[in-house]
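Chain by chain, the residues:
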Amino acid sequence: MYNEKKRSAWMKMLLNVSGLAMFFGIWELIVDIGLVSEKKLVAPSAVFMTFIDKLTNVVPDGNTIIAHTLTSLQLVLIGFLLSCLIGVPLGLLMGFFKPAEYFFTPIFEIVRPIPPLAWIPIVIVALGIGIEAEAFIIFVAAFVPCVINSYTGIQATNKTLLDVAKTAGATNAQLFFKVGIPSALPMVFTGIKVSFGSAWATLVAAEMIASTVGLGFMIQQGRNAVRPDIVILGMSVIGLIGAALTGLLSILEKKALPWRDLK
Amino acid sequence: MAETGCKIRLQSVSKCFDDKCGKTAVLDEISLDVYENEFLVILGPGQCGKSVLLNIIADMDSADSGTVEFTGENNGQVGFVFQRYALFGWKNVLKNVELPLKLKGVDKDVRRAVAMKYIEMVGLKGFEKSYPAQLSGGMKQRVGIARAYTSGNDIILMDEPFGALDAQTRYQMQDEILKIRSKEKKTIVFVTNNIEEAIYLGDRILLLSNKPSKVMKEYVPDLKRPRKNTSSEFMRLRDEITETMDLAL
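Residue numbers restart at each chain and count upward from 1, following the sequence in its written direction. Key to labels: chains lettered from A, ligands numbered from 1, both in the order written. Selection of residues for local features in this predicted model requires a pLDDT of at least 70, selection of side-chain atom pairs for listing and counting requires 80 or more, and totals for whole chains, interfaces and linings are taken over all residues. Excluding hydrogens and water, the side-chain values take into account all heavy atoms of the structure.

Right, let's get into the pairing of strand β7 (residues 187-192) of chain B. All names here are of chain B. Of all six residues making up β7, six are buried, and the element is well covered by its neighbours. Each residue's exposure class comes from its accessible area (1.4 Å probe, protein chains only) as a fraction of the maximum for that residue type: buried when under 20%, exposed when over 50%, partly exposed otherwise. Where helices and strands are cited, they refer to DSSP runs of H or I of at least four residues and of E of at least two residues respectively, numbered from the N terminus. Taking every second residue as pointing to the same face, both faces of β7 are buried, with T187, V189 and V191 on one and I188, F190 and T192 on the other. Alignment of strand β3 (residues 39-43) against β7, held across five bridges, turns out to be parallel. Pairing of I42 across the sheet is with V191, part of β7. A pair of strands is labelled paired if DSSP reports no fewer than 2 bridges between them. Relative to β7, strand β6 (residues 155-159) is paired through five bridges, and the arrangement is parallel. Residue pairing for β7: I155 is matched across the bridge by T187. On the question of chirality, the crossover connecting β6 to the parallel β7 by way of helix α5 (residues 167-183) is right-handed. With its strands directed away from the observer, a crossover is right-handed exactly when the path from the first strand over the helix to the second travels clockwise.

As structure tokens, this is what we get:
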């Protein structure tokens, strides 16, 4: 039994690694054998060299890769955390208390389909050009999944569990905090993960608002300077950090909800 | 029987449900008394509304007409054992059991002590830190019973508590509940659709008809405990109830 588990863990790791190796191998190969011009696509090895170079070199976009990454991270985290802070409680309230649901649903349903990019002009007018406006665009993108998942999660609270608490004399607030929220937590976490994905994916769009630093800005500059290696480096860093942070959220989820994996 | 007084009195309780085919009457003018410290079994065919009746007594549902009256000091507070256990998956056994006291704002030390007492009584000592997902069906229902007793209420309502268990575990749990009852006197209202279970457990059995349910008949099994389901008196009573039940269908 134990050995089988160990073997399947190895198997998983092996497949993970070979999937990655194949992806980068083919990519490297089609550039090396000249299937695609190096002006259009650079090999992963060249991207890695650019990465090493960009650790210290500020040409052509005015900042090192570290500075770009930190700025982008800060921007995304502000927008993302704000959306969790507002979206999760709002979704929970809407899902648990009917008056809140009736009050907020119409406005939420109208705001929901508006794409984050459509907000850019009005946000620039309202908030000016700067981190506030950029963070707002990310906030809008991350907000919707937070609300929807928290809402759906708490609505699915087992009615019998509510009855258990009611027969024990629970108040409405106790029902909300002690029964509703814990039952909703798995869905809330799903929402938070989806939110983070949306936030991070909206980064490049948000940095279209007159940024002078950030990964999205670096990609734009790389494009203007016809440096595909810089464009791909920016994309790769966004992909890697996104994956790493999503992984971190999954670990946090496991720690916060230890009862979920029991059997 | 030491039925010293009436504990709960139901008078002409009726209930209808709205569904696709219009209104369906579920309970039809049900009147009954529950006596102090008795083990009352409410027996009826599946879907006859027994659970609805229990929910109305527990104030989780409301009657369309009729009254539920609690006499004495009890103001309607009951312990409830649910068919599907209804445990909180994110709480361990101890926290599940002490929940009724926690909601009442009882001090941590006090509620821990009470909860531990009942966890021991249902035979779950050593499992306080386990989560419901790690327990078998029988063990889950032991947690459910411990929780109902921890509430401190002198009335315990049980809604087909062993309905989801396999036959073997079911027999074990029936003995368990009698053992618990011999240690601590409570007024128990136990709903089941199983005739043998009713005869094995009940001081008194009320037989309900199919929907709309009425109280058809009352039985007071005059059988020595521990009852044996192979004894001739047991089987005679079982046949009698089976016949009456068949007539009602």
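Text resumes after the structure shown.
Attention now moves to helix α1 (residues 50-57) of chain B. All names here are of chain B. Taking burial as the measure, the eight residues of α1 include six buried ones, the bulk of the element. Of the residues making up α1, those classed as buried are K50, V52, L53, L54, I56 and I57. Backbone geometry just after α1 places D59 at a positive phi near 65 degrees.

Interface size, as often reported, equals the accessible area lost upon joining of the parts. Residue and element names in this part refer to chain B. Each assigned domain of chain B is listed here: domain 1 (1-78 + 154-220) and domain 2 (87-152). Only heavy atoms matter for contacts: two residues are in contact if any of them lie within 4.5 Å across the pair. Taken together, the contacts link 16 residues of domain 1 with 13 residues of domain 2. Take the accessible area each of two parts loses on contact, using a 1.4 Å probe, and add the two losses: that sum is the buried area. Of all residues in domain 1, M173, I180 and E184 give up the largest surface area on contact with domain 2, accounting jointly for 36% of the area buried on that side. Here, a salt bridge means any Lys or Arg side-chain nitrogen found within 4 Å of an Asp or Glu carboxyl oxygen. Linking domain 1 with domain 2 are two salt bridges. Between R142 and E176 there is a salt bridge, and its shortest N-O distance comes to 3.2 Å. Polar contact is defined as a pair of N or O atoms within 3.5 Å, subject to the rule that within protein one atom must be able to donate a hydrogen and the other to accept it, and that residues adjacent in sequence are counted only when both atoms are side-chain atoms. For the pair domain 1 and domain 2, the number of links is three residue pairs in polar contact (both at pLDDT 80 or more). Broken down by element, the side of domain 1 that touches domain 2 gets its largest block of residues, seven residues, from α5. The class makeup of the residues in the side of domain 1 that touches domain 2 is eight nonpolar, three polar and five charged. Domain boundaries shown here were taken from an automatic or database domain assignment. The classification used treats Ala, Val, Leu, Ile, Met, Phe, Trp, Tyr, Cys and Pro as nonpolar, Asp, Glu, Lys and Arg as charged, and all other residues, Gly among them, as polar.

Residues and elements named next belong to chain A. Following the sequence through the fold, S18 ends up in helix α1 (residues 2-32). The class of S18 is partly exposed, set by a relative accessible area of 36%. A C-alpha to C-alpha distance of 29 Å links S18 and R227, two positions 209 residues apart in sequence.

So, on to the sheet that holds β3 of chain B. Residue and element names in this part refer to chain B. On the basis of which strands lie adjacent, the open sheet formed by six strands has the order β5-β6-β7-β3-β8-β9 and mixed pairing. Two strands close off the open sheet at either side, each with one partner strand: β5 (79-81) and β9 (215-219). Each neighbouring strand pair of the sheet contributes to a mean axis angle of 15 degrees, computed without reference to strand direction. Pairing analysis gives four bridges linking β3 to strand β8 (residues 204-208), with the strands arranged parallel. Pairing of V41 across the sheet is with I205, part of β8. Sitting on the sheet, α5 touches β3, β6 and β7, and the angle it makes with β3 is about 145 degrees. For helices, the fitted line uses only the C-alpha atoms of the stretch in contact; every axis is such a line through C-alpha atoms, and the angle between N-to-C directions lies from 0 to 180 degrees.

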